[in-house]
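# A closer look at the structure
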Amino acid sequence: MIKVLIVDDDFMVAKVHAGFIQRTPGFTVVGAAHTGAQAVAETERLQPDLVLLDIHLPDINGLDLMGRLRSVAPELDVLVISAAREVETVRKALRGGIVHYLIKPFSQTDLQERLEHYRSAYQSLDASKDVAEQSDVNRVFGLDRSERPLPKGCSIETLRLVEAAVNAAAGDVSAAEVAQELGTSRVSARRYLEYLHDEGTLDVRLKYGVGRPERRYVLKGA
């Protein structure tokens, strides 16, 4: 489970964002902070994997805060959520090593798409192996699916449902189990699962029994 700390000066906005995150499989909100000082203290105490960081805080600019947060949690990743639209602000955030910059206001879907990309790209790159392949790097920079189209007859909407089903599973899953969960055919579910395996998002485990071994799918590095 990816631990998230929300840093936003507006209590209600932070609560709304927490609701978005809690409805995203694979993520959990471990706390919230409303000032820079609170953010440093909570980051040191909670050691989150990811901070959703607003730029406009009452005691410090959020971009200036990033270095302090990483001084108490060196492996911390930062996703900026802000109403700030100035190009130089965005450039400064990128130079600071953020994983994404999301401009307020945004929808639950907008945030969930960024979180899912972070989970599948950054987290799998960190944990899966010692040496990165080009496909791993492409996934981090969002190039993998634009380079390779979905199989004929497949849709991005169903692909996301399949990904969500695998994310929500306690362990590995079969094509038959995903098909039953989504109400699709086993052949269709397997087509999507094999696509995700080819893209490097899923690993395949073989379960041996009577007859042919069953192919079971699990998140990369899980």
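Presented here is a report on the structure given in the accompanying data block. (Residues numbered from 1 in each chain as written. Predicted model: local features only at pLDDT ≥ 70, side-chain atom pairs only at ≥ 80, totals over all residues. Heavy atoms only, no water.)

## Side note on the overall build of the protein chain
Of the regular secondary structure elements, the protein chain holds 10 helices and 8 strands. Within the protein chain, the fraction of its 222 residues that count as buried is 41%. Contacts in the protein chain between residues at least 24 apart in sequence constitute 59% of all its contacts with a sequence separation of at least 6. Summed over all atoms, the accessible surface of the protein chain reaches about 11,700 Å², with 52% contributed by carbon and sulfur. (Helix = DSSP H or I, 4+ residues; strand = E, 2+ residues; numbered from the N terminus. Buried < 20%, exposed > 50% of the residue type's maximum accessible area, 1.4 Å probe, protein only. Contact = heavy atoms within 4.5 Å. Areas by Shrake-Rupley, 256 points an atom, 1.4 Å probe, with all protein chains shown as cover.)

## Digging into the sheet that holds strand β1 (residues 2–7)
Sheet architecture is open: 5 strands sit in the order β2-β1-β3-β4-β5, paired in parallel fashion. Each having just a single partner strand, β2 (27–33) and β5 (100–103) make up the two edges of the open sheet. The mean angle between the axes of side-by-side strands here comes to 20°, regardless of whether they run parallel or antiparallel. On the sheet, helix α2 (residues 36–46) packs against β1, β2 and β3 (50–53) and is oriented at approximately 165° with respect to β1. (Pairing = 2+ DSSP bridges. Axes fitted to C-alpha atoms, helices over the stretch in contact; angles between N-to-C directions.)

## Some thoughts on the packing of helix α8 (residues 156–168) against helix α9 (residues 175–182)
Where α8 meets α9, the axes come as close as 10 Å, and the angle between the chain directions of the two elements is 115°. As the angle between them shows, α8 and α9 are arranged roughly perpendicular. You can see that α8 and α9 cross each other, and the crossing is right-handed. Each of Leu-161, Val-162 and Ala-165 in α8 lies in contact with α9, whose residues at this interface are Val-178, Glu-181 and Leu-182. A per-class count over the contact of α8 with α9 returns 5 nonpolar, no polar and 1 charged. (Parallel < 35°, antiparallel > 145°, perpendicular 65-115°, else oblique. Left-handed = near helix turned anticlockwise from the far one by under 90°. Nonpolar A, V, L, I, M, F, W, Y, C, P; charged D, E, K, R; others polar.)

## Re the side chain of His-34
As for its placement among the helices and strands, His-34 is situated in the loop between β2 and α2. Among the residues examined, His-34 registers a relative accessible area of 12% and is labelled buried.

## Comments concerning α8
With 13 residues, α8 extends 18 Å between its outermost C-alpha atoms, agreeing within 8% with the 18 Å of an ideal straight helix rising 1.5 Å per residue. Those residues of α8 lying buried are Leu-159, Val-162, Glu-163, Ala-165, Val-166 and Asn-167. (Expected span 1.5 Å × (residues − 1).)

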